[in-house]
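Below, each chain spelled out in residue letters.
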Amino acid sequence: MSQSNALRREVDAAPVPQAQSFELRPLPGPVGAEIIGLDLSRELTAADFARVHEAHLDHHLLVFRDQRITPQQHIDFSRRFGRLMIHVLHQFHLADHPEILIVSNIVEDGKPIGLGDAGKYWHSDISYKELPSLGSLLHAQELPSEGGDTLFANMHLAYDTLPAALRHAVEGKRAVHSYLAQYGQLQKEGNWRPTLSAQQIAQVQEVVHPVVRTHPENGRRALFVSEGFTTRIQDVPEDESRALLAELFAHSVRAEHIYRHRWQPHDLVFWDNRSLIHLAGGTPDHLRRKLYRTTIEGDTPF
Ligand code: SIN
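The present account deals with the structure reproduced in this document. (Residues numbered from 1 in each chain as written. Predicted model: local features only at pLDDT ≥ 70, side-chain atom pairs only at ≥ 80, totals over all residues. Heavy atoms only, no water.)

Take the site of the ligand next. Taken together, Val103, Ala118, Gly119, His123, Asp125, Thr150, His278, Ala280, Arg289 and Arg293 are the residues near the ligand. A distance of 2.6 Å separates an oxygen atom of the ligand from a polar side-chain atom of threonine 150. Within the contact set of the ligand, an oxygen atom lies 3.1 Å away from a side-chain nitrogen or oxygen of histidine 278. Here the ligand has 260 Å² of accessible area as a free molecule, and 99% of this is covered by the chains. Broken down by class, the residue content of the shell around the ligand amounts to three nonpolar, four polar and three charged. (Near = heavy atom within 4 Å. Polar contact = N/O pair within 3.5 Å; in protein donor to acceptor, adjacent residues only side chain to side chain. Areas by Shrake-Rupley, 256 points an atom, 1.4 Å probe, with all protein chains shown as cover. Nonpolar A, V, L, I, M, F, W, Y, C, P; charged D, E, K, R; others polar.)

Moving on to the packing of aromatic side chains. Under the definition given, this model contains 10 aromatic pairs. Centroid distance phenylalanine 152 to tyrosine 259: 6.4 Å. Interplanar angle 20°. Geometry classified as stacked. Within this pair, whereas phenylalanine 152 is found in strand β9 (residues 150-154), its partner tyrosine 259 is found in strand β15 (residues 258-261), the two being separated by 107 residues in sequence. The burial state of phenylalanine 152 is the same as that of tyrosine 259; both residues are buried. Through successive ring pairs, a cluster of aromatic residues spans Phe49, Phe64, Phe77, Phe81 and Phe270. (Phe/Tyr/Trp six-rings, centres within 6.5 Å; stacked < 30°, edge-to-face > 60°. Helix = DSSP H or I, 4+ residues; strand = E, 2+ residues; numbered from the N terminus. Buried < 20%, exposed > 50% of the residue type's maximum accessible area, 1.4 Å probe, protein only.)

Another aspect to go through is the side chain of histidine 60. In this structure, histidine 60 sits in the loop between α2 (46-59) and β3 (61-64). Polar contacts involving the side chain of histidine 60 include one to the side chain of serine 275, which spans 3.5 Å. Excluding its chain neighbours within four sequence positions, the residues that come into contact with histidine 60 are Ala55, Asn154, His156, Asn218, Arg220, Phe270, Trp271, Asp272, Ser275 and Leu276. (Contact = heavy atoms within 4.5 Å.)

Okay, the pattern of salt bridges next. Tallied over the full model, the rule gives 19 salt bridges. A salt bridge links glutamate 99 to arginine 79, with the nearest nitrogen and oxygen atoms 3.0 Å apart. Here glutamate 99 is found in strand β5 (residues 97-104), whereas its partner arginine 79 is found in helix α3 (residues 71-79), with 20 residues between them in sequence. Judged by its relative accessible area of 42%, arginine 79 is partly exposed. Between lysine 120 and glutamate 189 there is a salt bridge, with the nearest N and O atoms lying 3.0 Å from each other. A residue pair is termed long-range when its members are at least 10 positions apart, and lysine 120 in the loop between β7 (111-112) and β8 (133-142) and glutamate 189 in helix α6 (residues 183-189) qualify at 69 residues. The class for glutamate 189 is partly exposed, based on a relative accessible area of 35%. When salt bridges that share partners are traced, they join Glu23, Arg25, Glu34, Arg65 and Asp267 into one network. (Salt bridge = Lys/Arg side-chain N within 4 Å of Asp/Glu carboxyl O.)

Further remarks concern the sheet that holds strand β16 (residues 268-272). Backbone hydrogen bonds hold the strands of a sheet together, and the pairing may be parallel or antiparallel. Taken in spatial order, the eight strands of this open sheet run β1-β2-β3-β16-β8-β18-β5-β4, and their pairing is mixed. Lying at the two open borders of the sheet, with one neighbouring strand each, are β1 (23-26) and β4 (93-94). Strand direction decides the pairing type here: β8 and strand β18 (residues 290-297), joined by eight bridges, are antiparallel. Residue pairing across strands places histidine 139 opposite tyrosine 292, the latter belonging to β18. Contacts from α3 reach β3, β4, β5, β8, β16 and β18, with the element oriented near 110° to β5. (Pairing = 2+ DSSP bridges. Axes fitted to C-alpha atoms, helices over the stretch in contact; angles between N-to-C directions.)

Any link to function would need more than the numbers given here.
Pasting the structure below:
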């Protein structure tokens, strides 16, 4: 058989993705929609993918219910949106899948199996890099019988409702983002954070981003600061920067901007880090919680 015939046979044998019938249900409140009936273990058709993509831009967060997917399927679906980022804490990568960060409070043989205090402060994932994240996908593996919620704040709304004086004060300003902003504090508060090697520190040098960014796909403006990673506003005195950031942080997380996600078994939540900040609501120490996270790289904020 000629090489080109063999190739044609292989291509013919590759399964053709089939359209799926699924429902999109917007969640009440300022963020999010549920997707019911879509199976992410199957490859999506171009039309199904386009519908999911559009819903993600409209609602900023999608809850895919009941996803029985493997880590590789989680990675494959995430990759359809862009390049995946590898978290600096390699200690908590899933074995053989460095694209997955384990978020968990479980300790085995005296060692944490994942990052137990991930999301203790409001943040946008990996905003401390030159190319911060487009979005993250968190897949429930093991859930506590109480607690363990994740909260999301809509930063487009936060920007739209910013008091005029505050909006004027931050117009055109840029702010410093640092992975180390709360790292020392987190080390004092718990036992989850390893001492970083020189190599790890070199990967997380401070960066500067606009305080207000324009979403590259939906064109809307959003506040882009968070208590987790933003340390100061450039070109204003230190005390003014501190006061401005405190006002911005408090305004961002007003109750009317927030969606609280109460996890159900096998949920996969995909949020837009350009539109939202998020916070782990906390899990009682005696209850186990484990989730797998992939993080998609975005582009330079403007
Ligand atoms: C995170 O910040 O990525 C984790 C959030 C959570 O554990 O709920």
